[in-house]
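A closer look at the structure
Now for the letters of each chain:
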Amino acid sequence: MEYLKKSSLWALPAFLLCFFTVFSNNGVNASHKVFPELQSTSPIDVENVHRTGYHFQSPKNWINGPMYYNGVYHLFYQYNLYGSVWGNIVWAHSVSTDLINWIPLEPAIYPSKVFDKYGTWSGSATILPGNKPIILYTGIVDSNKTQVQNYAIPADLSDPFLRKWIKPDNNPLIVADVTINKTQFRDPTTAWLGQDGYWRITIGSVWENKGIALLYKSKDFMRWTKVKNLLHSANNTGNWECPDFFPVLLHGTKGLDASYNSTNIKHVLKVSLDVTRFEYYTVGTYDTKKDMYIPDNTSVDGWKGLRLDYGNYYASKSFYDPSKNRRVIWGWANESDTVDDDVRKGWAGIQTIPRKLWLDPSGKQLVQWPVEELDTLREKKVQLKHRKLNKGEMIEVKGITPAQADVEVTFSFSSLDKAEPFDPSWTDLYAQDVCAIKDSTVQGGVGPFGLLTLASEKLEEYTPVFFRVYKALNKYKVLMCSDASRSTLEIGKTMYKPSFAGYVDVDLAKNKKLSLRSLIDHSVVESFGAGGKTCITSRVYPTLAIYDNAHLFAFNNGTETIKIELNAWSMSRPKMNWSFGHSSY
C-alpha cells in the first residue's frame, strides 16, 4: 500500500501507554480482571476530594504515552467509556504542545473489527520514513482472549491532531504460532530499524513461568517473521507485559532514537511483571548479529532487580522526543482503595508526571527526573535555609498549599559515625520490608529524616518520605521510604497502605548529602531521591489532611543533627480542556 512504500535508515519512534491493569498483587489484581456487574456502572457521585490537581486524569471513569508528531504530543491511554473499573476499553486520545496542558479528543481506536472484536489492548507507535505514524496494538479476537497484533494508521495526515485512525482489513499482521501462549502474547514495542534494513519489534509473553521477549522482523512493516532467538528471557518471572527496549548514551543526558546504534551506548530492557505488579529493568548490550540482549553482570533479572519506581507505578512506556533530544517515560498509578470506592467516587487511575530518562554515569542504572515543563506550574515559593534539625525535631513548611506542591530539599550531615549497623538478615528481605520494620517513628542514628507529606495538624495522618543510613560491610547503605501505613484514618476497608522503599546507590563518604524532590498532589506523592536515582510513587487517601487542612513538615528522628536547604512551590492546575465528549461515535 502507498502509505508503507519506500524505506530509509531512520525513524522517529513513539509509543502508546501500556495501561490495562486494575487494582491484589501489591495492591493490583491480576491483569485484565473483569467485573461484569460493574463495567458500565454509573458513579453514585463523582467525588473530587482525592482528585489530583496537576497530574493527568480523565474527568471520570477508569484509565490506565505520548508520541511526538509534527510539534504535538499525543497521549493514548486505555479508558473505560462507561465505568470506573476495567472493561469497555478503548484507546482514549489527548493532545498537548508541552506535556502538561492537554486537550481530550474522541477515542482513536475501539473494538469494531473481527480481529479486535473482544478488545483493543496496548501497543506502541512508530513513525515510518516519510513522517508517517503507524500504531501496532494487541487485538482480542474471541472470548478465550486469543491475542493477535494489529495495525492502525491516521485517516488524514493533514490533521494536526490525527483525530481519526483506520484499521485496514489485512489485519492481523502477527498471529501466535504453536510455540507461543496465544493468551499471553501482547504489547508490541516501538519498532527499531536494523542496519540490515529490517524493522524489529519485541512482544511480551510467558512460557512455563519463564518471562520472554519475543522478537519479530519485517522488511516492509507488513510481513513479519519470528526470529529464532528470543530477544531475552528469564526463569521464574511469570508473564512479561509492556516490554520497552531502547538505547541510552554511556555519557550525558540526551535521549536516542530507538534505531540508534553505536559503540557509545547501552541498551535497556524494561518489563512489567504480571506476578508482582512492579516494573523491572536491566542495563546491557544488544548483540545485533545474534539479535539477542545480554544484561550486564551488575543487572539482575527478576524480582530482586532494579525497578523504575518502587511504588504505585506500572505499565510504563518511553518515547524519544526529537524536539528536545530526550527520552521521556510515562507510567500509570493505580488506585490503592477498593473497587467499590472507585465506583462510588466515579473515577480510577492517573498518569504520573512524565519523566526525562538517562543512564547514570556509573553505567549501572537509570536516572529519572520530572520534565522541565512541569516547572511552569510553580507559583508561590517558600524557602528554608541553613536550618538545623536535632533529634526528634520537625519544622512546618508554611506559605504554600501543601496538598498541591512541589518540594525540593537537600539534607546534609557532618558525620556518618552514628549510622546504625545493617542487619545481615535484611539481605534476604525486600527494601520495603526493611522500611516496615524501621519506619519513620523508629529512632535511628543517621536518620530517619525527610518530609511528612499530606499531614494533618496533629499528625493523626501523614505520609512520610524519608532516608535512613546504615553501615554495612565496607560501605554505607541508604534506604529511601515512602510509607503509606499512616496515610489515612479510614477504617473498615481493605485499603492498600504499603511501606514502599528502595535503596539509593550513592557514595556518602565523598559527599554527606542527600536530596529529595516530592510532587504532592492530593492523593499521590511522587518522590525522587538523590537526583532521581531512586523513585517512589505512593497513592494515599487522607480524611483530615485534605485541601487547606493539609500540612507539610521536615523532620529528623535520628541522633545525628541534620541541616536542610528547602525550596517549595504551590502548584497551579494545567489548562486542561475537557469540553470534548467521549461518546461521539
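Here the residue index of a chain counts from 1 through its sequence in written order. Thresholds applied to this predicted model are a pLDDT of at least 70 for local features of residues and 80 or more for the giving and counting of side-chain atom pairs; totals over whole chains, interfaces and linings are not thresholded and use all residues. Only hydrogens and water are removed before side-chain values are computed, so all heavy atoms of the structure are retained for them.

As for the overall build of the chain
Looking only at helices and strands, the chain has two helices and 41 strands in total. Among the 585 residues that make up the chain, the fraction classed as buried is 63%. Values of accessible area rely on a 1.4 Å probe in the Shrake-Rupley scheme; residue burial ignores everything except the protein chains shown. Of the roughly 21800 Å² of accessible surface on the chain, a fraction of 51% belongs to carbon and sulfur atoms. Runs of E in the DSSP output that reach at least two residues are strands. Runs of H or I that reach at least four are helices, and both are numbered from the N terminus. Remark: exposure states derive from per-residue accessible area (1.4 Å probe, protein chains only) relative to the maximum for the residue type, with buried under 20%, exposed over 50%, and partly exposed in between.

Here's the deal with the pattern of salt bridges
Each salt bridge in this description consists of a side-chain nitrogen of Lys or Arg and a carboxyl oxygen of Asp or Glu lying within 4 Å of one another. Evaluation of the coordinates by the stated rule reveals 30 salt bridges. A salt bridge links Glu 241 to Arg 277, with the nearest nitrogen and oxygen atoms 3.3 Å apart. On the criterion of sequence distance, the pair formed by Glu 241 in strand S18 (residues 240–249) and Arg 277 in the loop between strand S19 (265–273) and strand S20 (278–287) is long-range, its members being 36 residues apart. In this structure Arg 277 comes out as buried when scored by relative accessible area, which is 2%.

Re the sheet that holds strand S29 (residues 378–389)
In spatial order, the strands read S29-S41-S31-S37-S38-S39; together these six strands make up an open sheet with antiparallel pairing. The two strands at the open ends of the sheet, each matched to only one other strand, are S29 and strand S39 (534–539). Within the sheet, the average angular offset between the axes of one strand and its neighbour, ignoring direction, is 15 degrees. At least two DSSP bridges between two strands are required for those strands to pair. As paired elements, strand S38 (residues 524–529) and S39 share six bridges and run antiparallel to each other. Bridging from a neighbouring strand, Ser 527 pairs with Ile 536 of S39. Here the axes come from fitting lines to C-alpha atoms, over the contacting stretch only for helices, and the angles between their N-to-C directions go from 0 to 180 degrees.

Some points on the state of the cysteines
The rule for a disulfide is simple: a pair of cysteine sulfur atoms within 2.5 Å. Inspection of every chain in the model, using the stated rule, returns one disulfide. With its sulfur 2.5 Å from that of its partner, Cys 435 forms a disulfide with Cys 481. Here Cys 435, found in helix H2 (residues 431–437), pairs with Cys 481, found in strand S35 (residues 475–483); they are 46 residues apart in sequence, far enough to count as distant. The pair Cys 435 / Cys 481 is uniform in exposure class, with both members buried.

So, the environment of Ile 109
When you line up the elements, Ile 109 lands in strand S6 (residues 103–109). Residue classification places Ile 109 among the buried residues on the basis of a relative accessible area of 2%. Separated by twelve residues in sequence, Ile 109 and Trp 121 place their C-alpha atoms 9.6 Å apart. Excluding its chain neighbours within four sequence positions, the residues that come into contact with Ile 109 are Val 90, Trp 91, Thr 120, Ile 135, Tyr 137, Ala 152, Trp 165 and Lys 167. Working rule for contacts: check all heavy atoms of both residues, and any pair within 4.5 Å makes them a contact.

Comments concerning unusual backbone geometry
The residue after Asn 171, namely Pro 172, is reached through a cis peptide bond having omega -5 degrees. Turning to its location among the elements, Pro 172 is positioned in the loop between strand S10 (165–166) and strand S11 (174–175). The linkage connecting Gly 447 with the following residue, Pro 448, adopts the cis geometry, with an omega of 10 degrees. Although it is not a glycine, Asp 187 adopts a positive phi angle of roughly 70 degrees. As for its placement among the helices and strands, Asp 187 is situated in the loop between strand S12 (185–186) and strand S13 (192–193).

Description of the packing of aromatic side chains
Between rings of Phe, Tyr and Trp, where Trp is taken as its six-membered ring, a pair exists when centres lie within 6.5 Å; planes separated by under 30 degrees are stacked, by over 60 edge-to-face, and by other angles tilted. Taken as a whole and assessed by the stated rule, the structure comprises 27 aromatic pairs. Aromatic side chains Phe 76 and Trp 91 sit 6.1 Å apart centroid to centroid with 55 degrees between the ring planes, which places their arrangement in the tilted category. Here Phe 76, found in strand S4 (residues 72–80), pairs with Trp 91, found in strand S5 (residues 89–96); they are 15 residues apart in sequence, far enough to count as distant. In this pair, the class of Phe 76 matches that of Trp 91, namely buried. Between Phe 245 and Tyr 286, the aromatic rings sit 5.3 Å apart at their centres with planes inclined by 90 degrees, giving edge-to-face as the arrangement. Of the two residues, Phe 245 sits in strand S18 while Tyr 286 sits in strand S20, which places them 41 residues apart along the sequence. Relative accessible area serves as the criterion here: at 5%, Phe 245 is assigned to the buried category.

Let's talk about the confidence of the model for the chain
Think of pLDDT as the predictor's per-residue confidence, scored from 0 to 100. Chain-level pLDDT for the chain is 88 on average; 85% of the residues reach the 70-or-more range. In the model, residues 5–17 has pLDDT below 50 throughout and makes 56 contacts with residues more than four positions away in sequence or in other chains. Segment residues 19–24: pLDDT under 50, and 47 contacts once partners within four positions in sequence are set aside and those in other chains are kept.

Focus: the nonpolar core
Here the nonpolar core consists of buried residues drawn from Ala, Val, Leu, Ile, Met, Phe, Trp, Tyr and Cys, with membership extended through side-chain atoms lying within 4.5 Å. Residues Phe 467 and Ile 564 are the most contacted members of the largest nonpolar core, which totals 60 residues. In this view, Ile 564 contacts Leu 384, Lys 385, His 386, Arg 387, Leu 389, Ile 395, Val 409, Thr 410, Phe 411 and Ala 554; residues no more than four positions away in its chain are not counted. With 21 residues, the next largest nonpolar core counts Ala 176, Phe 185, Ala 191 and Leu 214 among its residues.

Focus: the side chain of Thr 237
Along the chain, Thr 237 falls in the loop between strand S17 (232–234) and S18. In the analysis that follows, any N or O atom pair within 3.5 Å is treated as a polar contact, provided that within protein one partner can donate a hydrogen and the other can accept it, and provided that, for residues neighboring in sequence, both atoms belong to side chains. Looking at Thr 237, its side chain comes within polar contact range of the main-chain nitrogen of Gly 211, at 3.2 Å. Here the side chain of Thr 237 touches Ala 234 through a polar contact of 2.8 Å, landing on its backbone oxygen.

Notes on the sheet that holds S4
Pairing within the open sheet is antiparallel, and its four strands lie in the order S3-S4-S5-S6. Two strands bound the open sheet, and with one partner strand each, they are strand S3 (66–69) and S6. Going from strand to strand, the sheet's axes swing by 30 degrees on average, the running direction of each strand aside. Here four bridges tie S3 to S4, and the two strands are oriented antiparallel to one another. By the bridge assignment for S4, Tyr 68 is matched with Tyr 73.

Digging into the pairing of strand S33 (residues 446–455)
Counting buried residues along S33, ten of its ten residues qualify, which places the element largely inside the surrounding structure. Strand direction decides the pairing type here: S33 and strand S34 (residues 463–472), joined by six bridges, are antiparallel. Within the sheet, the bridge partner assigned to Phe 449 lies in S34 and is Phe 467. Here S33 runs beside strand S40 (residues 551–556); their pairing, made up of five bridges, is antiparallel. Pairing of Leu 451 across the sheet is with Ala 554, part of S40.

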